[in-house]
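In case you want the letters, here they are:
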Amino acid sequence: MWGWAGPVAAVVWLLAVFGFGMRLEGYDQLRHPVSLLGAHGVPGGTAFSMLGFVLPGILAAVAALDLALRMPVTAPRALRVGGQMLLLAAVAFAAMGLLPLDVEDIENRASQYHASAWLLWLVGFSAGALALRLGSARDAAWRPLANLAVGCALWSLCSAFLFEIALPVAMAQRLAFLGWLVWLLGAARLAPARG
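All values reported here derive from a predicted model rather than from experimental measurement.

Colleague: Sorry, what's going on with the packing of aromatic side chains here?
Modeller: Each aromatic ring pair is specified by the distance between its two centres and by the angle formed by the two planes. A full pass over the atoms with the stated rule returns 13 aromatic pairs. Between Phe125 and Trp183, the aromatic rings sit 6.4 Å apart at their centres with planes inclined by 40°, giving tilted as the arrangement. Of this pair, Phe125 sits in helix α4 (residues 109-136) while Trp183 is found in helix α7 (residues 169-190), placing the two residues 58 residues apart along the sequence. Classification of Phe125 by relative accessible area gives buried; the value is 0%. Owing to a relative accessible area of 4%, Trp183 belongs among the buried residues under this scheme. Grouped by ring-pair contacts, the aromatic residues Trp13, Phe20, Phe48, Phe53, Phe93, Trp118, Trp121, Phe125, Phe177, Trp180 and Trp183 constitute a single cluster.

Colleague: Please explain the side chain of Asp139 as it appears in this structure.
Modeller: Topologically, Asp139 is positioned in the loop between α4 and α5 (143-161). Notably, Asp139 is buried but unbridged: the nearest opposite-charge side chain belongs to Arg143, and the N-O separation is 7.1 Å.

Colleague: How do you make sense of the side chain of Ser159 when you look at a structure like this?
Modeller: Here Ser159 shows up in helix α5. Since its relative accessible area comes to 0%, Ser159 is described here as buried. Here Trp155 takes part through its backbone oxygen, which lies 2.8 Å from a polar atom of the side chain of Ser159. Filtering out sequence-adjacent residues up to four positions away, Ser159 remains in contact with Glu164, Ala172, Leu175 and Ala176.

Colleague: I'm lost on the nonpolar core in this one. Help?
Modeller: Generally speaking, a soluble globular protein has its nonpolar side chains buried in company with each other. Within the largest apolar cluster, 54 residues are counted, with the highest numbers of intra-cluster contacts made by Trp121, Phe177 and Trp183. Among the elements of the structure, α1 (5-23), α2 (45-70), α3 (77-98), α4, α5 and α7 are those that each provide at least two residues to this core. The residues touching Phe177, leaving out its near neighbours within four places in the chain, are Trp13, Val34, Phe53, Phe93, Met96, Trp118 and Trp121.

Colleague: Honestly, the state of the cysteines in this entry has me stumped. Any pointers?
Modeller: Cysteine pairs can be covalently joined through their sulfur atoms, and such a bond is termed a disulfide. Applying the stated criterion to the full structure yields 0 disulfides. With no disulfide of its own, Cys152 lies closest to Cys158 among cysteine sulfurs, the gap being 12 Å. Residue Cys158 is classed as partly exposed on the basis of its relative accessible area, which comes to 28%.

Colleague: Just to check I follow, could you spell out the environment of Ala92 for this structure?
Modeller: Topologically, Ala92 is positioned in helix α3. Sequence separation between Ala92 and Phe125 is 33 residues; the distance between their C-alpha atoms is 9.7 Å.

Colleague: I would appreciate a short explanation of the packing of α3 against α4 in the present structure.
Modeller: In helix packing, the relevant descriptors are the interaxial angle and the interaxial distance, both defined with respect to the helix axes. Where α3 contacts α4, the two axes come as close as 7 Å, and the packing angle between them is 160°. Between α3 and α4, the angle falls in the class roughly antiparallel. Here the hand of the crossing between α3 and α4 comes out left-handed.

Quick notes on the rules
Residues numbered from 1 in each chain as written. Predicted model: local features only at pLDDT ≥ 70, side-chain atom pairs only at ≥ 80, totals over all residues. Heavy atoms only, no water. Phe/Tyr/Trp six-rings, centres within 6.5 Å; stacked < 30°, edge-to-face > 60°. Helix = DSSP H or I, 4+ residues; strand = E, 2+ residues; numbered from the N terminus. Buried < 20%, exposed > 50% of the residue type's maximum accessible area, 1.4 Å probe, protein only. Lys, Arg positive; Asp, Glu negative; His and termini not counted. Salt bridge = Lys/Arg side-chain N within 4 Å of Asp/Glu carboxyl O. Polar contact = N/O pair within 3.5 Å; in protein donor to acceptor, adjacent residues only side chain to side chain. Contact = heavy atoms within 4.5 Å. Core = buried A, V, L, I, M, F, W, Y, C linked by side-chain atoms within 4.5 Å. Disulfide = S-S within 2.5 Å. Axes fitted to C-alpha atoms, helices over the stretch in contact; angles between N-to-C directions. Parallel < 35°, antiparallel > 145°, perpendicular 65-115°, else oblique. Left-handed = near helix turned anticlockwise from the far one by under 90°.

Here's what the structure looks like:
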């Protein structure tokens, strides 16, 4: 049952973003960042933070924990570290909802904490994917999952830092989240049986 946590997290996030985005007057999915939906002072901000960040983050943490529990005791250290980093990324994703932006002052501490949680999510996801790939060199059963993780993490990194040059920040952010969502969907199908 735990294997379904990742796909459910992806679906919950998508529904929250589109549902709350439609409800917020003047909100444009192409121009406004996702985090604006959960910001202090925005109608429904707390509800979005819980449904758009905290709940998907908890579900993703369950999925990452499921992966870690699937790893055999003899799994390479890099593989185990990869699972732990993916768990950290999920916790950081949930933290984005607990540390929302402040629309009144986008440069204040609250907004900086939110940005730090976002960066920790991206770094944790990327480092976890790389560690999974390194660990899968000695455990072929994990290779398809590790390859997916690396591809999704590279997509998210490029979206966050390179695509932002050519695209509006809001679109680059959504593309970065898309990499993580694809990872969550694919992890349920590609994870090896419990070791």
